[in-house]
Structures are given as C-alpha cells and as structure tokens.
Amino acid sequence: MRLLVTGGAGYVGSVVAAQLVEAGHEVTVLDDLSTGHQDAVPEGARFVQKCITEARDELDGMDAVLHFAAKSLVGESVAEPGLYWSNNLGGTLALLDAMRERGVGRIVFSSTAATYGEPERSPIEESDPTRPTNPYGATKLAVDTALTAFARVRELGAVSLRYFNVAGAYGRYRERHMVETHLIPNVLKVATGERESVSVFGTDYPTADGTCVRDYIHVSDLARAHLLALAAIEPGEHRIYNLGSGTGFSVQEVISVCREVTGHEIPAVVGERRPGDPAVLVASSARIERELGWKAERPALRDIVSDAWQALSGKA
Ligand SMILES: NC(=O)c1ccc[n+]([C@@H]2O[C@H](COP(=O)([O-])OP(=O)(O)OC[C@H]3O[C@@H](n4cnc5c(N)ncnc54)[C@H](O)[C@@H]3O)[C@@H](O)[C@H]2O)c1
C-alpha cells in the first residue's frame, strides 16, 4: 500500500514506519520535526518536512494515513492548552478534511490511556468511562469522538489505538524525546551518567510496594498492532482498541530491573506524590486479541528494558 505516516520522525512513528517499509509498503513520512529527528526516518521511506495542516498535496494516491503527529506532554498541555487543542485536534481536523478532499478513506490514529483519566477498575476496557484529567487526554478523546462521527457520515474507516506506556526499542529506533517524562528512559539515563538519580513520586500508594503501577508495552508489539489495524479497517467503521501488555509493574520494579540489566546501582530519590497520578493503570487488550489476533510477543519487563538499553548504549 501507499501510506502517509505523520509523526514518523518520532519514537513510535519511526518504529511503525520501519516495520511498514520492511513489510513492503511504500511509505512517506510527514513530520515538522518539532519533537522528532530526521535521522529516525527509516531508510526506504520518503521524508517531507511539513506540518499536518499542510498535508493535502502529499495525500494524492495514498491508500491510508497512520497518524502519530501530536504534542504529548501532559504537563505542557496543562500550561499551554491552546497549543494542544490547535495542534492535536485542529491539526487532525485539517488532516481529515484534506483526506476527504483527496479521496483517502482510511486512518489509524494514536490515541492514549489518558483518555480514560482516573480508572474505576483494572484492567481498563474500551467500554469504560472516558474522563481525561488533562488537556492532552482531552484532545485525544476529542479526535476519537470526531473519528466516530466522521466514520458514520463520510464512510471513513478508522482505528484508534489507545496506547498505555510504550517502551523498549526496535533495533536502532528508540525513545529520544527532547523533554523526557517517561520512566524507563529516565532511569536508564542514570546508568549512562546523563542524570544523577531517578525520582520516585510517592511510596504510599495502595499497591504492593507503595509505588505507582503501570502497564508497559514493547514498541515493537505496539507497531505490529498498527499493521493489523491497517488490514482490518472497514469503510464507515471506527474501532477503538486498548494496547498494553496486560500486566502492571511498579516504579520500584522498573528501577530494580534497570539495575539488573545495566549493572549500575541507579540511585533513587523519593519525593511526594504528583497530583493526578492514579495508583494503577493497566489495560485489558482482550478486544484487539480477540478481533485482530494481536498478542504481545515481548511482554517481559526485562526484554523491554534490555532492548531500550541496547539501543541507548549504542549496542543495537
Ligand atoms: N510514547 C508513548 O508512551 C505514548 C503513549 C500514548 C500515546 N502516544 C501517542 O503516540 C504518538 C507518538 O508518540 P511519540 O512518543 O512517538 O512522540 P514523539 O514526540 O516522539 O513523536 C511525535 C512526532 O510528531 C511530530 N509532530 C508533532 N506535531 C506535528 C505537526 N503539527 N505536524 C507534523 N508533525 C508533527 C513531531 O515532530 C514528532 O516527530 C503521539 O500521538 C502520542 O500522543 C504515545
């Protein structure tokens, strides 16, 4: 297929673009490089440096769009909500209009666990209430809502994948956020000497060791789900799938595994809880397993951390 990958110079988009090229698809990456890196665009993919609001001319002859481009820092979204609404919702609406104009009827969208907010139960299912607690999650939920409406009236075929905590690396493709808020890369940066210690926010949560529990999905497993979603898209239908590995690991467990994998002592500094951090966030991925036959192949935390470490330390 001929595919447009928005945000394909970023972490997740570059891994998916690489897998799409490997699968024989003709890939164009469109990215404004606001948080991405041009050298993350895989060999074999065409690269266009543009904003998603200017995607129109790149859509001619495309079979589908995989839409990763977004701002995704929760704290920044609280401080600058306008940036998030205009980039994530406004930008996506412009992209959807351009797709209609150019006759592109299929889209896979990067949604997030942040659409659910504070969960009522664990694991979280797609039918659970969506009550985002920050503008980032709200903009992603707004896109999901728009996709459902557009699928009905425009014969658009859409799949939203709600990622939980994406981690690990795929060969040389790794997490390189300019502002890194994710736990595993930040812990590993202590082992490389880029950071002195890792912060643990709260040790009095109602969990086994008192630290927050999160569901980590290997970026390679996540990427594979995009290829399955692409093949399953039906015109007039919007499907939503959670993507996690179904198991929660605490902050303390993540730090321990990073110590084992790197052989570094990784000092941890305990701080106060952060406002709005739920104790446990774990996905039920039963729906995508049942409907698309997806299954996590590398769910073990040790594999996720080892792959991230290999790529970060230049051994991948
Ligand atoms: N990484 C995670 O754990 C995670 C979890 C849930 C959801 N997501 C979602 O997955 C997607 C990818 O996340 P990531 O971690 O790879 O982020 P990333 O910042 O590495 O990648 C996003 C890419 O989009 C580009 N971009 C942003 N705005 C753009 C615009 N207006 N026009 C063109 N390009 C633009 C950036 O330059 C960057 O290359 C995002 O939509 C994010 O919200 C990520």
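Quick caveat, the model's predicted, so the values are computed rather than measured. All residue numbers refer to position in the chain's written sequence, counted from 1. The model is predicted, so local features are restricted to residues of pLDDT at least 70 and side-chain atom pairs to those at 80 or more, both for listing and for counting; the totals for chains, interfaces and linings are taken over all residues. Computation of side-chain values: all heavy atoms of the structure, hydrogens and water removed.

### What to know about the packing of aromatic side chains
- Pairing of aromatic rings covers Phe, Tyr and Trp, the last counted by its six-membered ring, and requires centre-to-centre distances within 6.5 Å; plane angles under 30 degrees mean stacked, over 60 mean edge-to-face, and any other angle means tilted. Per the stated rule, a full pass over the model turns up 0 aromatic pairs.
- Working rule: Lys NZ or Arg CZ, within 6 Å of ring centre, within 35 degrees of ring normal, means a charge sits over the ring. We note arginine 154 situated over the ring of phenylalanine 150; from NZ or CZ to the ring centre the distance is 4.0 Å.
- In this arrangement the basic side chain of arginine 162 is found over the ring face of tyrosine 116, its NZ or CZ atom lying 5.0 Å from the centre.

### Observations regarding the site of the ligand
- As a matter of local geometry, the ligand sits amid 29 residues, with Asp31, Thr35, Phe68, Tyr136 and Lys140 nearest to it.
- The term polar contact refers here to a pair of N or O atoms within 3.5 Å; inside protein, the definition further demands a hydrogen-donor-capable atom paired with an acceptor-capable atom, and it admits residues adjacent in sequence only when both atoms are side-chain atoms. Backbone polar atom of glycine 36 to an oxygen atom of the ligand: 3.1 Å apart, as the coordinates give it.
- The contact in question runs from an oxygen atom of the ligand to an N or O atom on the side chain of lysine 140, over 2.7 Å.
- Relative to its free-state accessible area of 820 Å², the ligand is covered by the protein chains to the extent of 96%.
- Within the residue set of the shell around the ligand, elements represented by two or more residues are α1 (11–22), β5 (106–112) and α4 (135–154).
- With 3 residues, the top contributor of residues to the shell around the ligand is β5. By convention in this text, a residue qualifies as near a molecule or strand provided that one of its non-hydrogen atoms is within 4 Å of it. Using a 1.4 Å probe, accessible areas were evaluated by the Shrake-Rupley method; residue-level cover was limited to the displayed protein chains. Each helix is a run of DSSP H or I of at least 4 residues and each strand a run of E of at least 2, with the numbering of both proceeding from the N terminus.

### Thoughts on α1
- By this rule, a helix spans an expected 1.5 Å times one less than how many residues it contains. Between its terminal C-alpha atoms α1 stretches 17 Å, which fits the 16 Å expected from 12 residues at 1.5 Å a residue.
- Exposure categories follow from relative accessible area, calculated using a 1.4 Å probe and restricted to protein chains: below 20% of the type maximum is buried, above 50% is exposed, and the middle band is partly exposed. With 10 of 12 residues buried, α1 is to be regarded as a mostly interior element.
- If you check which residues of α1 are buried, you get Tyr11, Val12, Gly13, Ser14, Val15, Val16, Ala17, Ala18, Gln19 and Leu20.
- Whether two residues are in contact is decided by their heavy atoms, any of which lying within 4.5 Å being enough. Where α1 is buried, its residues touch β1 (2–6), β2 (26–31), β4 (64–67), β6 (157–163), β7 (165–167) and α6 (219–232).
- Remark: glycine 24 follows α1 within two positions and exhibits a positive phi of approximately 95°.

### Describing α4
- Between its first and last C-alpha, α4 extends 27 Å over 20 residues, near the 28 Å set by a 1.5 Å rise per residue.
- Every buried residue of α4 is listed here: Pro135, Tyr136, Gly137, Thr139, Lys140, Leu141, Val143, Asp144, Ala146, Leu147, Phe150 and Ala151.
- Looking at the buried positions of α4, the neighbouring elements they touch are α2 (74–79), α3 (81–101), β5, β6 and β10 (238–243).
- Directly beyond the C-terminal end of α4, a positive phi value near 60° is found at glutamate 155.

### A short note on the domain arrangement of the protein
- As used throughout, domain bounds are those supplied by an automatic or database domain assignment. In terms of domain boundaries, the protein breaks down into domain 1 (2–166 + 217–243) and domain 2 (168–215 + 246–313).
- Inter-centroid distance (C-alpha atoms) of domain 1 to domain 2 is 23 Å.
- The interface is formed by 43 residues belonging to domain 1 together with 34 residues belonging to domain 2.
- Buried area counts how much accessible surface, traced with a 1.4 Å probe, disappears from two parts once they are put together, with both parts' losses summed. Of the roughly 3400 Å² buried at the junction of domain 1 and domain 2 (both faces included), carbon and sulfur atoms supply 57%.
- On the domain 1 side of the interface with domain 2, the three residues burying the most area are Tyr11, His218 and Tyr241, jointly 19% of the side's total.
- When the shortest N-O distance is used, the salt bridge between glutamate 43 and arginine 172 registers 3.3 Å. In the sections that follow, a salt bridge refers to a side-chain nitrogen of Lys or Arg positioned within 4 Å of a carboxyl oxygen of Asp or Glu.

### What about the pattern of salt bridges?
- Following the criterion strictly, the structure yields 27 salt bridges and no others.
- For glutamate 26, the salt bridge identified is with arginine 2, shortest N-O distance 3.2 Å. A residue pair is termed long-range when its members are at least 10 positions apart, and glutamate 26 in strand β2 and arginine 2 in strand β1 qualify at 24 residues.
- Judged by relative accessible area, which is 33%, arginine 2 ranks as partly exposed.
- Residue aspartate 128 is joined to arginine 121 by a salt bridge in which the shortest nitrogen-to-oxygen separation is 2.6 Å.

### Remarks on the packing of α3 against α4
- Where α3 contacts α4, the axes come no closer than 9 Å and their chain directions differ by 20°. In terms of orientation, α3 and α4 fall into the roughly parallel class. Between α3 and α4 lies a crossing whose hand is right-handed. Within the contact between the two elements, α3 uses Pro81, Tyr84, Trp85, Asn88, Leu89, Thr92, Leu93, Leu96, Asp97 and Arg100 and α4 uses Pro135, Tyr136, Ala138, Thr139, Lys140, Ala142, Val143, Ala146, Leu147, Phe150 and Arg154.
- When residue character is reported, Ala, Val, Leu, Ile, Met, Phe, Trp, Tyr, Cys and Pro are called nonpolar, Asp, Glu, Lys and Arg charged, and the others, Gly included, polar. When its residues are assigned to classes, the contact of α3 with α4 shows 14 nonpolar, 3 polar and 4 charged. The axes are straight lines fitted to the C-alpha atoms, using for helices just the contacting stretch, and the angles between their N-to-C directions are given from 0 to 180°. Angles are sorted into four bins: roughly parallel if under 35 degrees, roughly antiparallel if over 145, roughly perpendicular if 65 to 115, and oblique for all others. Should the near helix be turned anticlockwise from the far one by less than a right angle, the crossing is termed left-handed; should it be turned clockwise, right-handed.

### Quick word on the nonpolar core
- Counting residues in each nonpolar core, the largest one holds 38 residues, and the members touching the most others are Leu66, Leu161 and Leu243.
- Elements supplying a minimum of two residues to this core: β1, α1, β2, β4, β6, α6, β10 and α8 (286–292).
- Two domains share this core, each providing at least three of its residues, namely domain 1 (2–166 + 217–243) and domain 2 (168–215 + 246–313).
- What is meant by a nonpolar core is a set of buried Ala, Val, Leu, Ile, Met, Phe, Trp, Tyr and Cys residues, joined one to another through side-chain atoms within 4.5 Å. Judged by nonpolar contacts, the second largest core, of 26 residues, contains Val190, Phe249, Val254 and Ile255.

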